[in-house]
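# An overview of the molecular structure
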Amino acid sequence: ACSNIIEHAYGGEGKGEIEITCNLSPDGIEIVLKDDGKPFDPDSIKEIEIGMPLEKLGSRGAGVFLMRKLMDEVQFEFSKKTGTVLKMRKIL
């Protein structure tokens, strides 16, 4: 998720900050990432075809795909005032 923010939201420039918060609970962990980079439409990211050669994958989509597959909940919030907030939750 952080490399996606660096590469896509901040254009790989190394400019910008990422605020990371981890919240533990008895049933799992919630990871919250906040940035002020370029927003995007997560629904526009196509589902990856398992077994697709990497060279055909393109430059976008694998990161969001992996987040969705590995985490139990993935939620994006976009606001001009507060930037982008990504919440990921994993239930133990």
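See above for the structure.
Read on for an overview of the structure. Given the structure is predicted, the values throughout are model-derived calculations rather than measurements.

The rules behind these values
- Residues numbered from 1 in each chain as written.
- Predicted model: local features only at pLDDT ≥ 70, side-chain atom pairs only at ≥ 80, totals over all residues.
- Heavy atoms only, no water.
- Pairing = 2+ DSSP bridges.
- Helix = DSSP H or I, 4+ residues; strand = E, 2+ residues; numbered from the N terminus.
- Axes fitted to C-alpha atoms, helices over the stretch in contact; angles between N-to-C directions.
- Polar contact = N/O pair within 3.5 Å; in protein donor to acceptor, adjacent residues only side chain to side chain.
- Contact = heavy atoms within 4.5 Å.

## With respect to the sheet that holds strand 1 (residues 18–25)
Strand pairs in the sheet, formed through backbone hydrogen bonds, run parallel or antiparallel to each other. Judged by pairing direction, the sheet is antiparallel, and its four strands sit side by side in the order 1-2-4-3 without closing on themselves. Every interior strand has two partners, whereas the edge strands, strand 1 and strand 3 (73–79), have only one. Each adjacent strand pair in this sheet contributes to an overall mean axis angle of 15°, direction not counted.

## Considerations on the side chain of aspartate 35
Within the fold, aspartate 35 resides in strand 2 (residues 28–35). Within the structure, the side chain of aspartate 35 is placed 2.8 Å from the backbone nitrogen of glycine 37, a separation counted as a polar contact. If near-sequence neighbours (up to four positions away) are discounted, aspartate 35 is found in contact with Ile5, Ala9, Tyr10, Glu17, Thr82, Gly83 and Thr84.

## Quick notes on the pairing of strand 4 (residues 83–91)
Looking along a regular strand, one sees side chains alternate from face to face of the sheet. Of the strand pairs in this sheet, strand 2 and strand 4 are connected by eight bridges, and their pairing is antiparallel. Bridging across to strand 4, glycine 28 finds its partner in isoleucine 91. Strand direction decides the pairing type here: strand 3 and strand 4, joined by seven bridges, are antiparallel. If you follow valine 74 over to strand 4, its bridge partner there is methionine 88.

## Quick word on the pairing of strand 1
The sheet contact formed by strand 1 and strand 2 spans eight bridges and is antiparallel. Within strand 2, the position partnered with threonine 21 by the bridge is valine 32. Connecting strand 1 to the next strand, strand 2, in antiparallel fashion are two residues.

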